[in-house]
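Listed below are the residues making up each chain.
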Amino acid sequence: DQQVKQNSPSLSVQEGRISILNCDYTNSMFDYFLWYKKYPAEGPTFLISISSIKDKNEDGRFTVFLNKSAKHLSLHIVPSQPGDSAVYFCAASQYDKIIFGKGTRLHILP
Amino acid sequence: DGGITQSPKYLFRKEGQNVTLSCEQNLNHDAMYWYRQDPGQGLRLIYYSQIVNDFQKGDIAEGYSVSREKKESFPLTVTSAQKNPTAFYLCASSRRPDQPQHFGDGTRLSIL
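What counts, and where the lines are drawn
Residues numbered from 1 in each chain as written. Chains lettered and ligands numbered in written order. Predicted model: local features only at pLDDT ≥ 70, side-chain atom pairs only at ≥ 80, totals over all residues. Heavy atoms only, no water. Helix = DSSP H or I, 4+ residues; strand = E, 2+ residues; numbered from the N terminus. Buried < 20%, exposed > 50% of the residue type's maximum accessible area, 1.4 Å probe, protein only. Contact = heavy atoms within 4.5 Å. Salt bridge = Lys/Arg side-chain N within 4 Å of Asp/Glu carboxyl O. Polar contact = N/O pair within 3.5 Å; in protein donor to acceptor, adjacent residues only side chain to side chain. Disulfide = S-S within 2.5 Å.

## A few points about unusual backbone geometry
Step number 1: Cis peptide bonds are those with omega within 30 degrees of zero, and the linkage from Val78 of chain A to Pro79 of chain A qualifies with -10°.
Step number 2: Topologically, Pro79 of chain A is positioned in the loop between β8 (72-77) and β9 (86-94).
Step number 3: Of note, the amide linkage connecting Ser7 of chain B to Pro8 of chain B takes the cis form, showing an omega dihedral of -10°.
Step number 4: Here Pro8 of chain B shows up in the loop between β1 (4-7) and β2 (10-13).
Step number 5: Of note, the phi angle at Ala41 of chain A is positive, near 60°, even though the residue is not glycine.
Step number 6: Within the secondary structure layout, Ala41 of chain A lies in the loop between β4 (32-38) and β5 (45-51).
Step number 7: Positioned with a positive phi, Asn28 of chain B is a non-glycine residue whose angle comes to about 60°.
Step number 8: Considering the arrangement of structural elements, one finds Asn28 of chain B in the loop between β3 (19-25) and β4 (31-38).
Step number 9: Its relative accessible area of 52% is what places Asn28 of chain B among the exposed residues.

Right under this line is the structure:
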């Protein structure tokens, strides 16, 4: 039973355009959400997070939106750059664990 | 520089042998975690520890064991009971369980 779902295994976006990565969750008790970025053969690195009391958090080119009623969050990257090509994991936290989605591979096209 | 060190980066073992993966952190974090990543599976939690001398099973603990004798160290043993041990293993730590986790660069284990 997947509690955190990333339904798009991959996404291709032109350099300079906006990348939008989506994530759905099923557990309404999650109170903190995170996005991680992962390059091949490396560990994930923390990108941005949002508390359940907010609906938007922005950090430079990265913005995360949270829609609690729809149990949906999204990560916007604008403008997209070649170095953004990676796998992005959505994660949700409750109590003592963080649960990860399966990831979306983002390809930034030249 | 503070961080998490996993060693070795690549590990080969014969079937039936136990193998221990090392994870050390100098971030002074209380919580540490072990994940396994398989193609198309994302990150699955094996074991986690919130404090020294205490740890809990994650979603896929069968065939694995851990210890947390020191705050800095959280080694993972892949036992011969683990049916499909070939995978990429990631160790992580965080200041508190609900805070962002910092990850090591992983160990790729291959069973020959």
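## Concerning the interface of chain B and chain A
Step number 1: Across the boundary between the two partners, chain B contributes 22 residues, which contact 18 residues of chain A.
Step number 2: Counting every contact that joins chain B to chain A gives zero salt bridges.
Step number 3: Our count for the chain B to chain A interface comes out at four residue pairs in polar contact (both at pLDDT 80 or more).
Step number 4: Those elements giving two or more residues to the side of chain B that touches chain A turn out to be β4, β5 (42-51) and β9 (87-94) of chain B.

## What to know about the state of the cysteines
Residue and element names in this part refer to chain A.
Step number 1: On inspection of all chains with the given rule, the structure shows two disulfides over all chains.
Step number 2: The partner cysteine of Cys23 in its disulfide is Cys90, sulfur to sulfur 2.0 Å. With the S-S dihedral at roughly -75°, the linkage between Cys23 and Cys90 falls on the left-handed side. Here the residue Cys23 occupies a position in strand β3 (residues 19-25), and Cys90 occupies one in strand β9, the gap between them amounting to 67 residues. Residues Cys23 and Cys90 agree in their burial class; the two are buried.

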